Amino acid sequence: MSYAWDFNFLWALGPLLLGGLINTGKLWAIAFSSGLAIGLAFGIMRTVPSRILRGIGMVYVEAIRNTPGLILLIWFYYALPILVGVQSSAWLAACVALSLYTGAYSAEIYRAGIASVEAGQWEAARAIGLSYAHQMRYIVLPQAVMRMIPAFGNRAIELAKATTLASTLAFGELLFTAKVIAEDQFRPLETFTAVSVIFTAVLLPLSYACIWLERRVARSGGIVRD
Amino acid sequence: MTEVLRLENLAKSYGQAQVLKDINLTVRKGETVCVIGASGSGKSTLLRCVNFLGYPTGGRIFLEGKLVGREVIDRSGRTEMRYREAELCAVRAHVGMVFQQFNLFPHMTAEENVMIGPVKIRGLSKAEAKARAAEHLQRVGILEKAGAYPGQLSGGQQQRVAIARALAMEPSIMLFDEATSALDPELVGEVLLAMRKLAQEGTTMLVVTHELGFAYNVAHRVIFLHEGTIHEEGTPEEVLVNPKKPRTQDFLRGVTTFRMPEPRIAPA
């Protein structure tokens, strides 16, 4: 093997890669925050007494969770516009697909977190006379959310990597930018290596933050106080 | 004396298993009624029906003279009770419950545990609720721990906070479900003393307990529950000292097999 590695050309293209990274960040931020909100709604739905609501929650989670993320993106970009007659941008399709994708996984995290709160907590809250919504809001969720933090951390990292799927819709995130550079410069090996280094550099601190939080939550028996 | 709670032919079954049958019981204002009986006799189920943590499957419950729920006649002509969740929330807010496992909210301080009900349900301001919490924590002798989290308190202290939490709603009746059964033996006394103080102050209480000494000294009436029915009922002297029914006698014989003289120590 006599391949001569050469990373030098990349320095000049730094601003391009940075632009891609910023787009990745935007997509991640939108999909993660709306995924958390969607997940909260569907996760609670999966724990309520009403069978109909539980059913709706289950259909959503199972439909999305058992579909490859790539297909979701393609479907929202190419198939949905045909059905509703409005062409969507790659950005919008990627945001919607990744939000729903994260929402389904988050719903499961919420459901498991809520289920992990002891029955006695619900009972004590009911016994005071709190309504179901108040039991959830003031007693159960605050305890459950603490236990969910590590799982949400993992989800955040997974999602950051899943944003690269948007490159298939020609959305200018980091991987798509890298593809363009690779083709232009005939240096795919160096370009993609750089992408993986950038991802690691950005995600490593997030991973460590998760581990730190996980330890803290474990130490306090699921209760983080300050 | 005015009646606070009346149970009429109360029944509860889980599928085929009938846990409570035909319970008739009236608790008057200021009265302390102790319920004793073996495990599985339906003691806890009885309390849980009174504040609708479990739904009765038959009979009627009157709280302060008012029927809880409404009666409907079903297709086969039998009367049945229907309950609305909003009404039950209101009922639970007027019935204080103390659990065997305390069930304090671990993410809140002792004071916040006591304040949440008055703030969210009675609509008190934070300051009013804080004052009310202080008052009730003081009543059970644990005001100095107001800022502590449940995890930092002993079992006895946690249970007293739980009592204060129920009292702060100013309920018409307090229910105690084996409030001392999960405690270290050494900590039982402080909780029982707090409960006796409430009884002496005129709190209406329905107490499920295995502490026969407490029942003897504090209760106005004792009920012996057996296989889901009130088997024997009377003053502590009648039920605990001179039981008439063989099953009550067996129970008391079992509980008091070994005796010892009173320790020669000053009482608390």
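S.K.: If you had to explain the overall build of chain B to someone new, which residues and values would you point to?
M.R.: Summing up its helical and strand segments, chain B has nine helices and 12 strands in all. On C-alpha atoms alone, chain B measures out to a radius of gyration of 19 Å, which is about the 18 Å that the 2.2 N^0.38 rule sets for 268 residues. Dimensions of chain B along its principal axes, counting C-alpha atoms only, are 55 × 50 × 35 Å. When each of the 268 residues of chain B is scored for burial, the buried share is 53%. For chain B, the proportion of contacts with a sequence separation of at least 24, taken over those separated by at least 6, is 65%. Here chain B displays about 12700 Å² of accessible surface, and carbon together with sulfur accounts for 50% of that area.

S.K.: I'd like a rundown of a nonpolar patch on the surface, residues and numbers included.
M.R.: All names here are of chain A. A cluster of nonpolar side chains, namely Ile71, Trp75, Leu83, Val84 and Val86, defines an oily patch on the protein surface of about 510 Å² accessible area. Assignment of secondary structure puts Ile71 in helix H4 (residues 69–84). Given the relative accessible area of 46%, Ile71 is considered partly exposed.

S.K.: With reference to specific residues and values, describe the environment of Gly40(B).
M.R.: All names here are of chain B. As for its placement among the helices and strands, Gly40 is situated in the loop between strand E3 (32–37) and helix H1 (43–50). Overall, the relative accessible area of 77% leaves Gly40 in the exposed class. Spatially, the C-alpha atoms of Gly40 and His226 are 8.5 Å apart, while their sequence positions differ by 186 residues.

S.K.: So what about the packing of aromatic side chains? Which residues, and what values?
M.R.: Aromatic ring pairs are described here by two measures, namely the spacing of the ring centres and the angle between the planes. With the rule as written, the count across this model stands at 13 aromatic pairs over all chains. Grouping aromatic residues by their ring pairs yields a cluster made of Tyr3(A), Trp5(A) and Phe7(A). For the cation-ring pair, Arg6(B) lies above Phe62(B), with the distance from its terminal atom to the ring centre recorded as 4.2 Å. Arg165(B) extends its terminal NZ or CZ atom over the ring of Phe105(B), reaching a point 4.5 Å from the ring centre.

S.K.: Go over the layout of surface pockets, please, and point to the residues and values.
M.R.: Residue and element names in this part refer to chain B. Its volume calculated, the largest pocket comes out at about 880 Å³. Contributing to the lining of the largest pocket are 19 residues, with Leu192, Gly213, Phe214, Asn217 and Glu262 lying nearest its centre. Mapped by element, the contributors of at least two residues to the lining of the largest pocket are helix H6 (185–200) and helix H7 (212–218). Its residues assigned to classes, the lining of the largest pocket shows 13 nonpolar, three polar and three charged.

S.K.: Any chance you could break down the pattern of salt bridges for me, citing the residues and the numbers?
M.R.: All names here are of chain B. Inspection of the entire model under this criterion finds 25 salt bridges over all chains. Between Glu178 and Lys43 there is a salt bridge, with its nearest N and O atoms 4.0 Å apart. Of the two residues, Glu178 sits in the loop between strand E9 (173–177) and H6 while Lys43 sits in helix H1, which places them 135 residues apart along the sequence. Here Glu233 makes a salt bridge to Arg221, at a shortest N to O gap of 2.8 Å. Here Arg221 lies in strand E11 (residues 221–226) and Glu233 lies in strand E12 (residues 229–234), a separation of 12 residues in the sequence.

S.K.: Go over the state of the cysteines, please, and point to the residues and values.
M.R.: All names here are of chain B. Within this structure, the stated rule accounts for zero disulfides over all chains. Free of any disulfide, Cys34 has its nearest cysteine sulfur in Cys49, 19 Å distant. Free of any disulfide, Cys89 has its nearest cysteine sulfur in Cys49, 17 Å distant. A relative accessible area of 12% places Cys89 in the buried class.

S.K.: Can you break down the sheet that holds strand E1 (residues 3–14) of chain B residue by residue, with the values?
M.R.: All names here are of chain B. Within the open sheet, the four strands sit side by side as E2-E1-E4-E5. Their pairing is antiparallel. Among the strands making up the open sheet, the edge pair consists of strand E2 (17–28) and strand E5 (66–67). Sheet topology note: the E1/E2 ladder contains eight bridges and is antiparallel. Bridge pairing in E2 links Leu5 to Val27.

S.K.: Requested: an account of empty space enclosed by the protein, with residues and values cited.
M.R.: The full count for this structure, using the stated rule, is one cavity of 30 Å³ or more. What the largest cavity holds in volume is close to 80 Å³. Taken together, 14 residues line the largest cavity, and the ones lying closest to its centre are Ala127(A), Ile128(A), Gly96(B), Met97(B) and Ala166(B). Of all the secondary structure elements, the ones that give two or more residues to the lining of the largest cavity are helix H6 (119–128) of chain A together with helix H2 (85–93), strand E8 (95–98) and helix H5 (155–167) of chain B. Among the residues forming the lining of the largest cavity, the class breakdown is 10 nonpolar, two polar and two charged.

The rules behind these values
Residues numbered from 1 in each chain as written. Chains lettered and ligands numbered in written order. Predicted model: local features only at pLDDT ≥ 70, side-chain atom pairs only at ≥ 80, totals over all residues. Heavy atoms only, no water. Helix = DSSP H or I, 4+ residues; strand = E, 2+ residues; numbered from the N terminus. Rg over C-alpha atoms; globule rule 2.2 N^0.38 Å. Buried < 20%, exposed > 50% of the residue type's maximum accessible area, 1.4 Å probe, protein only. Contact = heavy atoms within 4.5 Å. Areas by Shrake-Rupley, 256 points an atom, 1.4 Å probe, with all protein chains shown as cover. Patch = residues over 30% accessible without salt bridge, like charges linked within 9 Å, V, L, I, M, F, W, Y side chains within 5 Å. Salt bridge = Lys/Arg side-chain N within 4 Å of Asp/Glu carboxyl O. Phe/Tyr/Trp six-rings, centres within 6.5 Å; stacked < 30°, edge-to-face > 60°. Lys NZ or Arg CZ within 6 Å of the ring centre and 35° of its normal. 1 Å grid on protein atoms, 1.4 Å probe; cavity = no way out; pocket = protein on both sides within 12 Å on 5 of 7 lines; lining within 4 Å. Points joined across faces, edges and corners; volume = space filled by probe spheres on them. Nonpolar A, V, L, I, M, F, W, Y, C, P; charged D, E, K, R; others polar. Disulfide = S-S within 2.5 Å. Pairing = 2+ DSSP bridges.

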